[in-house]
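A look at the structure
Chain by chain, the residues:
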Amino acid sequence: MEQQEQSEMRVTSITPMKNEGPYILEWVAHNRAIGINDMLVFTNHCTDGTDLILERLDEMGLVRHMPNPSIMMPAPRHHIALTRYVNEMTRLRRSDWVTNLDADEFVRVNTGKGRLEDLFNAVPDAHCITLSLHTFGCGWVDEIAPDDKMVTETFTYRGDSERSRNPVKYIARGDFPWVKFSNNSPAIEEADLDRVNWVNGSGTRLSREQIAEPFKGMLASESGFDLVDVAHYTIRSYQGFLVQRDRGSANPMKGRPEDELDLEQALKYWRRFNKNDVKDESFAALPGLRDAVEELLKDAELRSLHEAALAWHRNRAQELLQKPDYRELHDTIRGLPEDTRALA
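Everything numeric in this text was worked out from a predicted model, so none of it was measured. (Residues numbered from 1 in each chain as written. Predicted model: local features only at pLDDT ≥ 70, side-chain atom pairs only at ≥ 80, totals over all residues. Heavy atoms only, no water.)

1. Focus on the overall build of the protein chain
The following threshold applies: Each helix corresponds to a stretch of at least 4 residues labelled H or I by DSSP, and each strand to a stretch of at least 2 residues labelled E; elements are numbered beginning at the N terminus. Atoms counted for the radius of gyration: C-alpha only. Globule rule: 2.2 Å times residue count to the power 0.38. Exposed residues in this analysis have more than 50% of their type's maximum accessible area, buried residues have under 20%, and partly exposed residues fall in between, with area computed by a 1.4 Å probe over protein chains only. Accessible surface is estimated by sampling points in the Shrake-Rupley manner with a 1.4 Å probe; for residues, cover comes only from the protein chains shown. None of His or the chain ends enter the tally, which takes Lys and Arg as positive and Asp and Glu as negative. The atom standing in for a charge is NZ when the residue is Lys, CZ when it is Arg, CG when it is Asp and CD when it is Glu.
Broken down by element type, the protein chain carries 13 helices and 14 strands. What you see for the protein chain is a C-alpha radius of gyration of 19 Å, in line with the 20 Å of a compact globule of 344 residues. When each of the 344 residues of the protein chain is scored for burial, the buried share is 57%. Summed over its atoms, the accessible surface of the protein chain is roughly 15700 Å², and 46% of this surface lies on carbon and sulfur atoms. The averaged location of the 57 negative side-chain charges in the protein chain is 3 Å from the averaged location of its 43 positive side-chain charges.

Put into C-alpha coordinates, the structure is as follows:
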(Lines give C-alpha, C1' and ligand atoms only; values in the text may rest on other atoms or scores of the structure.)
Protein backbone atom coordinates (compact mmCIF):
# COMPACT_ATOMS: atom_id res chain seq x y z
CA MET A 1 0.00 0.00 0.00
CA GLU A 2 1.84 3.06 -1.23
CA GLN A 3 1.92 5.86 1.32
CA GLN A 4 0.31 8.93 -0.18
CA GLU A 5 1.40 12.47 0.48
CA GLN A 6 -0.56 13.84 3.43
CA SER A 7 -2.89 16.76 2.88
CA GLU A 8 -3.45 19.66 5.26
CA MET A 9 -6.57 17.91 6.55
CA ARG A 10 -6.18 16.40 10.03
CA VAL A 11 -8.03 13.16 10.73
CA THR A 12 -7.84 12.22 14.41
CA SER A 13 -8.54 8.76 15.81
CA ILE A 14 -9.02 7.89 19.49
CA THR A 15 -8.03 4.41 20.64
CA PRO A 16 -7.63 2.62 23.98
CA MET A 17 -5.23 -0.35 23.98
CA LYS A 18 -4.02 -3.10 26.23
CA ASN A 19 -1.92 -6.06 25.08
CA GLU A 20 -2.40 -5.67 21.32
CA GLY A 21 1.30 -6.00 20.50
CA PRO A 22 1.33 -8.38 17.48
CA TYR A 23 -1.38 -6.43 15.67
CA ILE A 24 -0.34 -2.80 16.12
CA LEU A 25 1.92 -2.27 13.10
CA GLU A 26 -0.62 -3.59 10.60
CA TRP A 27 -3.33 -1.39 12.11
CA VAL A 28 -1.11 1.71 12.12
CA ALA A 29 0.06 1.09 8.54
CA HIS A 30 -3.52 0.69 7.35
CA ASN A 31 -4.73 3.82 9.11
CA ARG A 32 -1.88 5.88 7.70
CA ALA A 33 -2.53 4.58 4.20
CA ILE A 34 -6.22 5.57 4.21
CA GLY A 35 -5.49 9.02 5.63
CA ILE A 36 -5.71 8.88 9.43
CA ASN A 37 -2.74 11.06 10.32
CA ASP A 38 -3.33 11.89 13.99
CA MET A 39 -3.65 8.65 15.98
CA LEU A 40 -4.13 9.20 19.71
CA VAL A 41 -3.55 5.92 21.55
CA PHE A 42 -4.02 5.47 25.30
CA THR A 43 -2.78 2.36 27.12
CA ASN A 44 -3.27 0.79 30.52
CA HIS A 45 -1.46 -2.03 32.35
CA CYS A 46 0.26 -3.57 29.31
CA THR A 47 2.37 -6.67 29.90
CA ASP A 48 3.15 -7.70 26.29
CA GLY A 49 5.10 -4.62 25.18
CA THR A 50 2.21 -2.77 23.56
CA ASP A 51 3.16 0.42 25.38
CA LEU A 52 6.80 0.08 24.27
CA ILE A 53 5.80 -0.38 20.62
CA LEU A 54 3.58 2.69 20.81
CA GLU A 55 6.33 4.69 22.51
CA ARG A 56 8.67 3.87 19.64
CA LEU A 57 6.01 4.80 17.08
CA ASP A 58 5.51 8.05 19.00
CA GLU A 59 9.25 8.76 18.82
CA MET A 60 9.05 8.15 15.07
CA GLY A 61 6.23 10.69 14.80
CA LEU A 62 3.63 8.15 13.68
CA VAL A 63 1.25 8.09 16.67
CA ARG A 64 0.72 9.92 19.94
CA HIS A 65 0.93 7.54 22.88
CA MET A 66 -0.34 8.46 26.34
CA PRO A 67 -1.38 6.59 29.49
CA ASN A 68 -5.10 6.08 29.89
CA PRO A 69 -6.24 8.27 32.81
CA SER A 70 -8.10 5.20 34.09
CA ILE A 71 -4.86 3.91 35.62
CA MET A 72 -5.26 6.44 38.44
CA MET A 73 -8.76 5.28 39.35
CA PRO A 74 -9.48 2.78 42.12
CA ALA A 75 -12.18 1.04 40.03
CA PRO A 76 -11.08 1.64 36.43
CA ARG A 77 -13.53 1.61 33.52
CA HIS A 78 -10.88 2.13 30.89
CA HIS A 79 -12.96 2.91 27.83
CA ILE A 80 -15.39 5.15 29.69
CA ALA A 81 -12.60 7.05 31.44
CA LEU A 82 -10.85 7.67 28.12
CA THR A 83 -14.03 8.94 26.46
CA ARG A 84 -14.59 11.45 29.23
CA TYR A 85 -10.97 12.54 29.17
CA VAL A 86 -10.59 13.14 25.44
CA ASN A 87 -13.69 15.30 25.36
CA GLU A 88 -11.78 17.77 27.54
CA MET A 89 -9.09 18.05 24.87
CA THR A 90 -9.34 21.08 22.60
CA ARG A 91 -7.49 19.08 19.93
CA LEU A 92 -10.61 17.21 18.80
CA ARG A 93 -12.53 20.40 18.06
CA ARG A 94 -9.60 21.63 15.96
CA SER A 95 -9.39 18.46 13.87
CA ASP A 96 -11.11 18.26 10.51
CA TRP A 97 -12.51 14.80 11.29
CA VAL A 98 -12.65 12.67 14.45
CA THR A 99 -13.26 8.95 14.87
CA ASN A 100 -13.10 6.32 17.62
CA LEU A 101 -11.41 3.09 16.53
CA ASP A 102 -10.32 0.03 18.47
CA ALA A 103 -7.17 -1.88 17.53
CA ASP A 104 -9.25 -4.64 15.93
CA GLU A 105 -11.20 -2.27 13.65
CA PHE A 106 -10.09 -1.45 10.10
CA VAL A 107 -11.96 1.22 8.15
CA ARG A 108 -12.49 0.19 4.52
CA VAL A 109 -13.27 2.98 2.05
CA ASN A 110 -15.09 1.52 -0.95
CA THR A 111 -14.96 4.51 -3.27
CA GLY A 112 -12.23 6.26 -5.24
CA LYS A 113 -8.74 5.03 -4.34
CA GLY A 114 -9.81 3.77 -0.93
CA ARG A 115 -8.76 6.81 1.08
CA LEU A 116 -10.84 8.84 3.51
CA GLU A 117 -10.43 11.85 1.26
CA ASP A 118 -12.38 9.94 -1.40
CA LEU A 119 -15.12 9.22 1.12
CA PHE A 120 -15.40 12.86 2.15
CA ASN A 121 -15.54 13.93 -1.49
CA ALA A 122 -18.38 11.46 -2.07
CA VAL A 123 -20.48 13.09 0.69
CA PRO A 124 -19.14 16.67 0.74
CA ASP A 125 -21.96 18.09 2.85
CA ALA A 126 -21.88 15.44 5.58
CA HIS A 127 -21.13 16.42 9.16
CA CYS A 128 -21.03 12.81 10.35
CA ILE A 129 -20.75 9.44 8.62
CA THR A 130 -21.85 6.30 10.42
CA LEU A 131 -19.50 3.37 9.81
CA SER A 132 -21.28 0.02 10.07
CA LEU A 133 -19.21 -2.96 11.13
CA HIS A 134 -18.73 -6.29 9.39
CA THR A 135 -17.87 -8.74 12.18
CA PHE A 136 -15.24 -11.29 11.17
CA GLY A 137 -14.99 -14.69 12.84
CA CYS A 138 -11.98 -16.88 13.60
CA GLY A 139 -12.28 -18.73 10.29
CA TRP A 140 -11.26 -21.96 12.10
CA VAL A 141 -7.76 -20.59 12.75
CA ASP A 142 -6.23 -21.92 15.97
CA GLU A 143 -2.78 -20.32 16.28
CA ILE A 144 -1.84 -16.69 16.75
CA ALA A 145 -0.52 -15.16 13.51
CA PRO A 146 0.08 -18.51 11.74
CA ASP A 147 3.00 -18.33 9.31
CA ASP A 148 3.41 -14.71 10.48
CA LYS A 149 0.43 -13.70 8.34
CA MET A 150 -1.35 -10.43 9.02
CA VAL A 151 -4.86 -10.19 10.43
CA THR A 152 -6.32 -8.97 7.14
CA GLU A 153 -4.68 -11.89 5.31
CA THR A 154 -5.73 -14.54 7.82
CA PHE A 155 -9.40 -13.89 8.53
CA THR A 156 -11.69 -13.87 5.51
CA TYR A 157 -15.02 -15.07 6.89
CA ARG A 158 -17.55 -12.71 8.47
CA GLY A 159 -21.14 -12.52 9.56
CA ASP A 160 -23.98 -11.84 7.15
CA SER A 161 -24.57 -8.16 7.82
CA GLU A 162 -27.65 -8.13 5.59
CA ARG A 163 -29.76 -10.02 8.08
CA SER A 164 -28.87 -8.57 11.42
CA ARG A 165 -28.49 -5.45 13.51
CA ASN A 166 -25.01 -4.12 12.93
CA PRO A 167 -22.75 -2.35 15.45
CA VAL A 168 -21.50 1.05 14.34
CA LYS A 169 -18.69 3.56 14.68
CA TYR A 170 -18.52 7.02 13.13
CA ILE A 171 -16.33 9.70 11.65
CA ALA A 172 -17.46 13.27 12.35
CA ARG A 173 -16.37 16.80 11.58
CA GLY A 174 -14.47 18.18 14.54
CA ASP A 175 -15.89 21.69 14.24
CA PHE A 176 -19.58 20.73 14.44
CA PRO A 177 -21.00 21.57 17.92
CA TRP A 178 -21.25 18.02 19.22
CA VAL A 179 -22.04 17.64 22.91
CA LYS A 180 -19.36 14.96 23.08
CA PHE A 181 -17.52 12.39 21.00
CA SER A 182 -18.37 8.89 22.19
CA ASN A 183 -17.27 5.39 21.25
CA ASN A 184 -20.05 4.55 18.78
CA SER A 185 -21.73 7.84 17.87
CA PRO A 186 -21.36 11.49 18.90
CA ALA A 187 -24.04 13.13 21.05
CA ILE A 188 -25.82 16.20 19.73
CA GLU A 189 -28.05 18.92 21.17
CA GLU A 190 -31.71 18.78 20.17
CA ALA A 191 -31.42 22.28 18.70
CA ASP A 192 -28.87 20.98 16.17
CA LEU A 193 -30.77 17.88 15.04
CA ASP A 194 -32.39 19.50 12.02
CA ARG A 195 -29.26 21.14 10.68
CA VAL A 196 -26.80 18.27 11.00
CA ASN A 197 -26.26 16.19 7.86
CA TRP A 198 -25.61 12.72 9.24
CA VAL A 199 -25.37 9.92 6.69
CA ASN A 200 -24.88 6.16 6.71
CA GLY A 201 -22.15 4.22 4.94
CA SER A 202 -23.93 4.55 1.61
CA GLY A 203 -24.38 8.32 1.92
CA THR A 204 -28.08 8.16 2.79
CA ARG A 205 -29.13 10.82 5.27
CA LEU A 206 -30.31 9.52 8.63
CA SER A 207 -33.57 10.72 10.09
CA ARG A 208 -33.98 13.04 13.05
CA GLU A 209 -35.33 10.15 15.10
CA GLN A 210 -32.31 7.95 14.35
CA ILE A 211 -29.75 10.46 15.62
CA ALA A 212 -31.69 12.05 18.49
CA GLU A 213 -29.88 9.85 21.00
CA PRO A 214 -26.42 8.24 20.81
CA PHE A 215 -26.71 4.74 19.32
CA LYS A 216 -24.50 1.65 19.10
CA GLY A 217 -26.12 -0.20 16.21
CA MET A 218 -28.38 0.04 13.19
CA LEU A 219 -30.74 -2.31 11.42
CA ALA A 220 -29.23 -3.98 8.38
CA SER A 221 -31.76 -2.23 6.15
CA GLU A 222 -30.48 1.16 7.38
CA SER A 223 -26.73 0.50 7.69
CA GLY A 224 -25.32 1.04 4.21
CA PHE A 225 -21.91 -0.27 3.13
CA ASP A 226 -21.52 1.12 -0.39
CA LEU A 227 -19.04 3.90 0.43
CA VAL A 228 -17.44 2.75 3.66
CA ASP A 229 -17.55 0.02 6.29
CA VAL A 230 -15.39 -1.33 9.12
CA ALA A 231 -13.85 -4.80 9.21
CA HIS A 232 -14.05 -5.85 12.86
CA TYR A 233 -11.66 -8.64 13.85
CA THR A 234 -12.86 -9.06 17.40
CA ILE A 235 -12.16 -12.82 17.69
CA ARG A 236 -9.01 -13.42 15.59
CA SER A 237 -8.22 -17.08 16.50
CA TYR A 238 -8.98 -19.78 19.06
CA GLN A 239 -5.74 -19.28 20.95
CA GLY A 240 -5.89 -15.52 20.41
CA PHE A 241 -9.27 -15.52 22.11
CA LEU A 242 -7.77 -17.11 25.22
CA VAL A 243 -5.21 -14.32 25.46
CA GLN A 244 -7.94 -11.77 24.87
CA ARG A 245 -10.02 -13.11 27.77
CA ASP A 246 -6.91 -13.23 29.94
CA ARG A 247 -6.33 -9.54 29.18
CA GLY A 248 -9.63 -8.55 30.79
CA SER A 249 -12.40 -6.17 29.80
CA ALA A 250 -12.01 -2.52 28.81
CA ASN A 251 -14.95 -1.84 31.11
CA PRO A 252 -14.79 -4.55 33.81
CA MET A 253 -17.88 -5.35 35.83
CA LYS A 254 -17.92 -3.93 39.34
CA GLY A 255 -16.68 -6.40 41.91
CA ARG A 256 -15.07 -8.81 39.41
CA PRO A 257 -11.28 -8.92 38.99
CA GLU A 258 -10.24 -8.00 35.46
CA ASP A 259 -8.18 -11.16 35.00
CA GLU A 260 -10.75 -13.65 36.33
CA LEU A 261 -12.16 -15.94 33.64
CA ASP A 262 -15.94 -16.07 33.50
CA LEU A 263 -16.49 -19.13 31.31
CA GLU A 264 -20.18 -18.47 30.74
CA GLN A 265 -19.56 -14.88 29.71
CA ALA A 266 -16.65 -15.90 27.48
CA LEU A 267 -18.81 -18.41 25.61
CA LYS A 268 -21.59 -15.86 25.25
CA TYR A 269 -19.11 -13.40 23.75
CA TRP A 270 -17.71 -16.04 21.41
CA ARG A 271 -21.13 -17.04 20.10
CA ARG A 272 -22.01 -13.39 19.54
CA PHE A 273 -18.91 -12.45 17.59
CA ASN A 274 -17.59 -15.62 15.94
CA LYS A 275 -19.48 -15.25 12.65
CA ASN A 276 -18.25 -17.15 9.61
CA ASP A 277 -21.19 -16.96 7.20
CA VAL A 278 -19.77 -15.01 4.27
CA LYS A 279 -16.44 -15.21 2.44
CA ASP A 280 -14.99 -11.69 2.32
CA GLU A 281 -11.58 -11.12 0.72
CA SER A 282 -11.97 -7.37 0.22
CA PHE A 283 -8.53 -6.68 1.62
CA ALA A 284 -7.07 -8.50 -1.38
CA ALA A 285 -7.51 -5.13 -3.09
CA LEU A 286 -4.86 -3.65 -0.76
CA PRO A 287 -1.76 -5.70 -1.63
CA GLY A 288 0.59 -2.95 -0.49
CA LEU A 289 -0.36 -3.23 3.17
CA ARG A 290 2.28 -5.88 3.86
CA ASP A 291 4.87 -3.67 2.16
CA ALA A 292 3.84 -0.80 4.45
CA VAL A 293 4.30 -3.03 7.51
CA GLU A 294 7.70 -4.17 6.26
CA GLU A 295 8.69 -0.53 5.87
CA LEU A 296 7.92 0.04 9.55
CA LEU A 297 9.90 -3.06 10.47
CA LYS A 298 13.03 -1.58 8.90
CA ASP A 299 13.40 0.25 12.19
CA ALA A 300 15.49 -2.20 14.21
CA GLU A 301 14.02 -1.26 17.59
CA LEU A 302 10.46 -1.50 16.31
CA ARG A 303 11.13 -4.91 14.76
CA SER A 304 12.60 -6.22 18.00
CA LEU A 305 9.62 -4.98 20.00
CA HIS A 306 7.13 -6.41 17.51
CA GLU A 307 8.79 -9.84 17.50
CA ALA A 308 8.94 -9.86 21.29
CA ALA A 309 5.23 -9.06 21.54
CA LEU A 310 4.34 -11.82 19.09
CA ALA A 311 6.42 -14.32 21.05
CA TRP A 312 4.79 -13.16 24.28
CA HIS A 313 1.28 -13.79 22.90
CA ARG A 314 2.16 -17.23 21.56
CA ASN A 315 3.82 -18.22 24.83
CA ARG A 316 0.97 -16.85 26.89
CA ALA A 317 -1.53 -18.89 24.90
CA GLN A 318 0.44 -22.05 25.67
CA GLU A 319 0.55 -21.14 29.36
CA LEU A 320 -3.21 -20.60 29.41
CA LEU A 321 -3.82 -23.95 27.75
CA GLN A 322 -2.21 -25.55 30.83
CA LYS A 323 -4.92 -24.05 33.04
CA PRO A 324 -8.06 -26.21 33.35
CA ASP A 325 -10.55 -23.38 32.88
CA TYR A 326 -8.82 -22.00 29.79
CA ARG A 327 -8.32 -25.49 28.36
CA GLU A 328 -12.04 -26.06 28.81
CA LEU A 329 -12.79 -22.78 27.05
CA HIS A 330 -10.48 -23.67 24.15
CA ASP A 331 -11.89 -27.17 23.72
CA THR A 332 -15.46 -25.91 23.98
CA ILE A 333 -15.19 -23.18 21.35
CA ARG A 334 -13.37 -25.51 18.96
CA GLY A 335 -16.21 -28.02 19.27
CA LEU A 336 -19.17 -25.70 18.84
CA PRO A 337 -21.35 -26.95 15.95
CA GLU A 338 -22.08 -23.45 14.62
CA ASP A 339 -18.39 -23.09 13.74
CA THR A 340 -18.88 -25.46 10.80
CA ARG A 341 -21.90 -23.85 9.17
CA ALA A 342 -19.99 -21.79 6.57
CA LEU A 343 -18.12 -24.91 5.46
CA ALA A 344 -21.29 -26.63 4.23
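Here the narrative resumes, following the displayed structure.
2. Details of the pattern of salt bridges
Heads up, the condition is: In what follows, salt bridge is the name for a side-chain nitrogen of Lys or Arg lying within 4 Å of a carboxyl oxygen of Asp or Glu.
Throughout the structure, instances matching the rule amount to 23 salt bridges. The partner of glutamate 153 in a salt bridge is arginine 290, and the shortest N-O contact between them spans 2.9 Å. Of this pair, glutamate 153 sits in helix H6 (residues 151–154) while arginine 290 is found in helix H11 (residues 289–296), placing the two residues 137 residues apart along the sequence. With relative accessibility at 29%, the residue arginine 290 sits in the partly exposed group. Members of the salt-bridge network, linked through shared partners, are Glu153, Arg290, Glu294, Arg303 and Glu307.

3. Some details on the side chain of serine 132
Filter applied, for reference: Residue contacts are defined here by distance: any two heavy atoms, one from each residue, within 4.5 Å place the two residues in contact.
Structurally, serine 132 is set in strand S6 (residues 128–135). What serine 132 contacts, discounting residues up to four positions off in sequence, is Pro167, Val168, Ser223, Gly224, Phe225, Asp229 and Val230.

4. Side note on helix H2 (residues 50–59)
What counts here: What the arc measures is the spread of directions leading from the helix axis to the C-beta atoms.
All of the buried residues along H2 are Thr50, Ile53, Leu54, Arg56 and Leu57. For H2, the buried positions fall inside an angular range of 155 degrees around the axis, keeping them on one side. Positive backbone phi, at 80 degrees, marks glycine 61, one or two positions downstream of H2.

5. Considering the packing of helix H1 (residues 24–34) against H11
Convention followed: Note on definitions: angles span 0 to 180 degrees between N-to-C directions of axes, and those axes are lines fitted to C-alpha atoms, for helices only across the stretch in contact. With respect to orientation, any angle under 35 degrees is reported as roughly parallel, any angle over 145 as roughly antiparallel, any angle of 65 to 115 as roughly perpendicular, and every other angle as oblique. Note on convention: near helix rotated counterclockwise from far helix by under a right angle means a left-handed crossing. Clockwise means right-handed. The nonpolar class holds Ala, Val, Leu, Ile, Met, Phe, Trp, Tyr, Cys and Pro. Asp, Glu, Lys and Arg form the charged class, and all remaining residues, Gly among them, are polar.
Remark: H1 packs on H11, axes separated minimally by 9 Å, with the N-to-C direction vectors making an angle of 115 degrees. Here H1 is positioned roughly perpendicular relative to H11, judged by the angle of their axes. As for the relative orientation of H1 and H11, their crossing is right-handed in sense. Along its contact with H1, which presents Leu25, Glu26, Ala29 and His30, the element H11 presents Leu289, Ala292, Val293 and Leu296. Of the residues in the contact of H1 with H11, the class split is six nonpolar, one polar and one charged.

6. Considerations on the nonpolar core
For the record, the criterion: By nonpolar core is meant a set of buried Ala, Val, Leu, Ile, Met, Phe, Trp, Tyr and Cys residues that side-chain atoms within 4.5 Å join together.
In this structure, Leu57, Val107, Leu116 and Ile129 are the most contacted members of the largest nonpolar core, which totals 73 residues. Among the elements that make up this core, the one with the highest residue count is helix H12 (residues 300–321) (seven residues). Contact partners of isoleucine 129, with chain neighbours within four places excluded, come to Trp97, Leu119, Phe120, Val123, Lys169, Tyr170, Ile171, Val199, Asn200 and Val228. Judged by nonpolar contacts, the second largest core, of 23 residues, contains Leu40, Met89, Phe181 and Phe215.

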